[in-house]
Amino acid sequence: MSWRLSFRTNLLIYNVRRRNYATKAAGKPATRPNRWKSVIGLEVHAQIQTNSKLFSGAEVAFSSPINSCVSLFDASIPGTLPVLNRKCVELGVRTALALGCKVNSVSMFDRKHYFYADLPVGYQITQQRAPLARGGLLSFPVFVPGVSRKPYYKSARLHQLQLEQDSGKSLHDPVERKSLVDLNRAGVPLMELVFEPDLETGEEAAALVKELILILTRLGSCSCRMEEGALRVDANISVHKENTPLGTRTEVKNIGSVRAVAQAIEFEIERQIGILDGGGKIFNETRAWDAAGRQTIAMRDKEVVQDYRFMPEPNLPPLHVNVDGECDADVVVDAVHIGSSLPELPEETRRQIVEIHNLTPEMAIILVNDITLYNHFRTILDEPGKARSPKAVANFLINELLTILNKNKIDIEECRIPSTHLAEVTDMLEGNIINAYLARLILQEALDGEGRESPALLAQRNDWLMITDTERIEAMCKDAIKNNPKVVEKYRKGKEKMLYALAGEIAKVSEQKVDMAKSVDLLKNMLK
């Protein structure tokens, strides 16, 4: 292995951006104290990406003026009837097929009765007994860069996927001591994905949610903007000792970010274990995640089972979907046709990256799990007239770009440096015009200038070019040998690592600009 290749490899090991989601890092399922085992099941509510609501023609638009996207049906005006949005059904079927579900040829809508001010009709239209689809399976990698040694794969069974409408939003004014209602979200279309309790740690739950986000965005069925409430997670958590029945579960509602999923679950597991170890009892209750306090807080108990009085929705006929054979796609939603047009899913992309580009599984996971990073990778690699090394491009994006973004606490989505400029820095690295240190200086300057000036101009203007002239490097080597006689003596007595101490002196004198591979070769020749 050459000195340069060894140097790049070490960079990959030590400089991958740490993106663990939990407060405590997790590898393969953690061993709990006193042999406790945790059991986690997720329910995910994903807003279907349509222009209108599930049962009305009212617009779906985030942060619209209060009560500006409300139809008569949404406001529960007597005499109004629901009309099912066909696009919601198609996107629901598309999602179900991508997750390996069996789409039901006939599904039904039900009324789920409960009384909240932001649900004016007094019930939610959902699919409790005969959902759109059942029986899927989601396999996903669990890997925390910089923490986990190796990725491992976990699978979670999908119990069912159902369509339902969202409720409105209550706005509380503590000064006026009033509560107001915004019905803009009332009737917004949702897919509820109910997973079996197949998970064991917060990191596994976060990895599942991340994989689901990647899938839904590729399908175009959900924007997955968690900050807008387009995807919300409920986690059911319990703990028990090995070879004993499952413990009492608690439900943590409406978790609003991937990071919070891991943190909330890990906190709740430790909370339950602490109570049980102290001789206490876990109550069946609903809790909320307090992101500021990094703890779950009690909302309401569930000891008394609430009677939702489910009943068939009388104003909606059974939903028929064609699941085999030919049909008139203009009349019936055709699952066969939808299934034939599914896009490439994340796991297939990872497999191709490993097989075609000869990258490691870890690199494939890091690239694919970040949509923006993967788009940069593809844009740089697929530029017409260029034959770049996939490994060099991946190394640059993972080692250099993510490192400098992490240092500046900037998410890659906020990075203003265009792919063309990133490609230019990659070419300069591969062309031995700059080294990794100079690449980071250029990236930092580009970030400060919001990517307006090209990397080549930045390098020229700041004299950030690698010293490759043999005579200059020989002179530096001679000075290093002359000024460090004890180091030279140790090297000649067999301590080969002393050579790199001399190389370090040369790097310091040259302000990290010297070609280190050439310096090492020259030092070896001079010290024979």
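Residues numbered from 1 in each chain as written. Predicted model: local features only at pLDDT ≥ 70, side-chain atom pairs only at ≥ 80, totals over all residues. Heavy atoms only, no water.

## Notes on the UniProt feature "domain: Asn/Gln amidotransferase" (unreviewed entry) in the protein chain
Short version of the rule: UniProt positions are given in the numbering used here, feature names are shortened, and annotations may be inferred rather than shown by experiment. Secondary structure follows DSSP: runs of H or I at least 4 residues long count as helices, runs of E at least 2 residues long count as strands, and numbering of each begins at the N terminus.
UniProt's feature table lists "domain: Asn/Gln amidotransferase" (unreviewed entry) at residues 375–527, given in the numbering used throughout. Helix makes up 67% of residues 375–527 and strand 0%, whereas the separation of the span's terminal C-alpha atoms amounts to 48 Å.

## Some points on helix H15 (residues 498–509)
Given 3.6 residues per turn, any residue in an α-helix points the same way as the ones three and four places further on. Here is the rule we go by: Expected span, for any helix, means 1.5 Å times one less than how many residues it has. Buried means the residue's accessible area, taken with a 1.4 Å probe over protein chains only, is under 20% of the maximum for its type, while exposed means over 50%, and partly exposed covers the values in between. In this description, the arc belongs to the directions extending from the helix axis to the C-beta atoms. In what follows, a contact means two residues having at least one pair of non-hydrogen atoms within 4.5 Å.
With 12 residues, H15 should cover 16 Å at 1.5 Å per step; its first-to-last C-alpha distance of 17 Å lies within 8% of that length. For H15, the complete set of buried residues consists of Leu-499, Leu-502, Ala-503, Ile-506 and Ala-507. Here the buried residues of H15 occupy an arc of 145° about the axis, which is enough to place them on one side. Its buried side turned inward, H15 meets helix H13 (470–483), helix H14 (485–492) and helix H16 (516–526). After H15 finishes, the residue Glu-511 shows a positive phi value of roughly 60°.

## Examining the environment of Leu-97
Structurally, Leu-97 is set in helix H2 (residues 86–98). Judged by its relative accessible area of 26%, Leu-97 is partly exposed. Separated by 243 residues in the primary sequence, Leu-97 and Ser-340 place their C-alpha atoms 9.9 Å from one another. Apart from residues no more than four positions distant in its own chain, Leu-97 is found in contact with Val-103, Ala-335, Ile-338, Gly-339 and Leu-342.

## Some remarks on the packing of H14 against H15
Filter applied, for reference: Throughout, an axis means a line fitted to C-alpha atoms (over the contacting stretch in the case of helices), and angles, computed between N-to-C directions, take values from 0 to 180 degrees. Any angle that falls under 35 degrees is termed roughly parallel, while one over 145 is termed roughly antiparallel, one within 65 to 115 roughly perpendicular, and all others oblique.
The contact between H14 and H15 brings their axes to 8 Å, and the two run at 150°. Comparing the axis directions of H14 and H15 gives the class roughly antiparallel. Mapping the contact onto sequence places Val-487, Val-488, Lys-490 and Tyr-491 in H14 and Met-498, Leu-499, Ala-501 and Leu-502 in H15.

## Let's talk about the domain arrangement of the protein chain
What counts is decided by this rule: Segment limits for the domains were obtained from an automatic or database-derived domain assignment.
When the domains of the protein chain are assigned, the result is domain 1 (36–312), domain 2 (370–462) and domain 3 (470–527). Measuring from the centre of the C-alpha atoms in domain 1 to the corresponding centre in domain 3 gives 61 Å.

## Things to note about the nonpolar core
This is how the line gets drawn: As used in this record, nonpolar core signifies buried Ala, Val, Leu, Ile, Met, Phe, Trp, Tyr and Cys residues forming a set joined through side-chain atoms within 4.5 Å.
Within the largest apolar cluster, 70 residues are counted, with the highest numbers of intra-cluster contacts made by Leu-42, Leu-193, Phe-195 and Leu-231. The element best represented in this core is helix H3 (residues 202–219), accounting for 10 residues. Contacts of Phe-195, omitting those with residues within four sequence positions, involve Gly-41, Leu-42, Val-44, Leu-138, Ala-156, Arg-157, Leu-158, His-159, Leu-208 and Leu-212. Ranked by size, the runner-up nonpolar core spans 42 residues in total, among them Leu-359, Phe-377, Val-425 and Ala-439.

## Here we look at helix H11 (residues 436–448)
Helix length check: H11 (13 residues) gives 18 Å between terminal C-alpha atoms against 18 Å at 1.5 Å per residue, within 8%. Within H11 the residues assigned to the buried category are Ala-436, Leu-438, Ala-439, Ile-442, Leu-443, Gln-444, Ala-446 and Leu-447. Where H11 ends, the next residue or the one after it, Glu-450, has phi of about 55°, a positive value.

## Quick look at the packing of H3 against helix H4 (residues 258–277)
Selection criterion: Crossing handedness is defined as follows: a turn of the near helix away from the far one that is anticlockwise and smaller than a right angle gives a left-handed crossing, while the clockwise case is right-handed. Polar here means any residue outside two lists: the nonpolar Ala, Val, Leu, Ile, Met, Phe, Trp, Tyr, Cys and Pro, and the charged Asp, Glu, Lys and Arg; Gly therefore counts as polar.
The contact between H3 and H4 brings their axes to 8 Å, and the two run at 155°. Judged on the interaxial angle alone, H4 and H3 are roughly antiparallel. When the axes of H3 and H4 are compared, the crossing they make is right-handed. In this structure, H3 uses Gly-202, Glu-203, Ala-205, Ala-206, Val-209 and Ile-213 to contact H4, whose residues at the interface are Val-258, Val-261, Ala-262, Ile-265 and Glu-266. Of the residues contributing to the contact of H3 with H4, the split by class is 8 nonpolar, 1 polar and 2 charged.

## Some points on the packing of aromatic side chains
Which entries qualify depends on this criterion: Ring geometry is summarised as follows: Phe, Tyr and Trp rings, the Trp one being its six-membered ring, pair when their centres sit within 6.5 Å, and such pairs are stacked at plane angles under 30 degrees, edge-to-face over 60 and tilted between the two. Ring-over charges, as used throughout, are those where CZ of Arg or NZ of Lys falls within 6 Å of the ring centre and within 35 degrees of the ring normal.
Under the criterion given, the structure shown has 6 aromatic pairs. With a centroid separation of 5.1 Å and an interplanar angle of 65°, the aromatic rings of Tyr-114 and Tyr-116 are classed as edge-to-face. With a relative accessible area of 13%, Tyr-114 lands in the buried category. Among the aromatic residues, those joined into a ring-pair cluster are Tyr-114, Tyr-116, Tyr-308 and Phe-310. In this arrangement the basic side chain of Lys-112 is found over the ring face of Tyr-308, its NZ or CZ atom lying 4.4 Å from the centre. The ring of Trp-36 is capped by Lys-241, whose NZ or CZ atom sits 5.2 Å from the centre of that ring.

## Overview of the sheet that holds strand S12 (residues 250–255)
Test applied: Should DSSP find at least two bridges between two strands, the strands are regarded as paired.
Strand order in the open sheet formed by 9 strands is S2-S6-S7-S10-S1-S11-S12-S13-S14, with mixed pairing between adjacent strands. Two strands lie at the open edges of the sheet, namely strand S2 (102–103) and strand S14 (295–301), each paired on one side alone. Docked against the sheet, H4 engages strand S1 (36–47), strand S11 (231–241), S12, strand S13 (285–290) and S14, running at close to 25° with respect to S11.

## Describing the pattern of salt bridges
This is how it is decided: Salt bridge, as used here: a side-chain nitrogen of Lys or Arg that lies within 4 Å of a carboxyl oxygen of Asp or Glu.
Taken as a whole and judged by the stated rule, the model has 30 salt bridges. Salt-bridge contacts for Lys-53 lead to Asp-74; the nearest nitrogen and oxygen are separated by 3.2 Å. One end of the pair, Lys-53, is in the loop between S1 and H2; the other, Asp-74, is in the loop between S1 and H2, and 21 residues separate them in sequence. Judged on exposure class, the residue Lys-53 and its partner Asp-74 are both buried.

## Here we look at the side chain of Ser-38
Keep this limit in mind: As used in this structure description, the phrase polar contact means that two N or O atoms lie within 3.5 Å; if the pair is within protein, one of them must be able to donate a hydrogen and the other to accept it, and residues adjacent in sequence are counted only when both atoms belong to side chains.
In this structure, Ser-38 sits in strand S1. A distance of 2.4 Å separates the side chain of Ser-38 from the backbone oxygen of Glu-200, its partner in a polar contact.

## A look at the pairing of S12
Put simply, the test is: When the strands point away from the viewer, a crossover counts as right-handed if the route from the first strand across the helix to the second turns clockwise.
With 4 bridges joining them, S11 and S12 adopt antiparallel strand pairing. Each residue of the ladder has a partner; that of Val-233, found in S12, is Ile-255. Between S12 and its parallel partner S13, the chain crosses via H4, and the hand of that crossover is left-handed.

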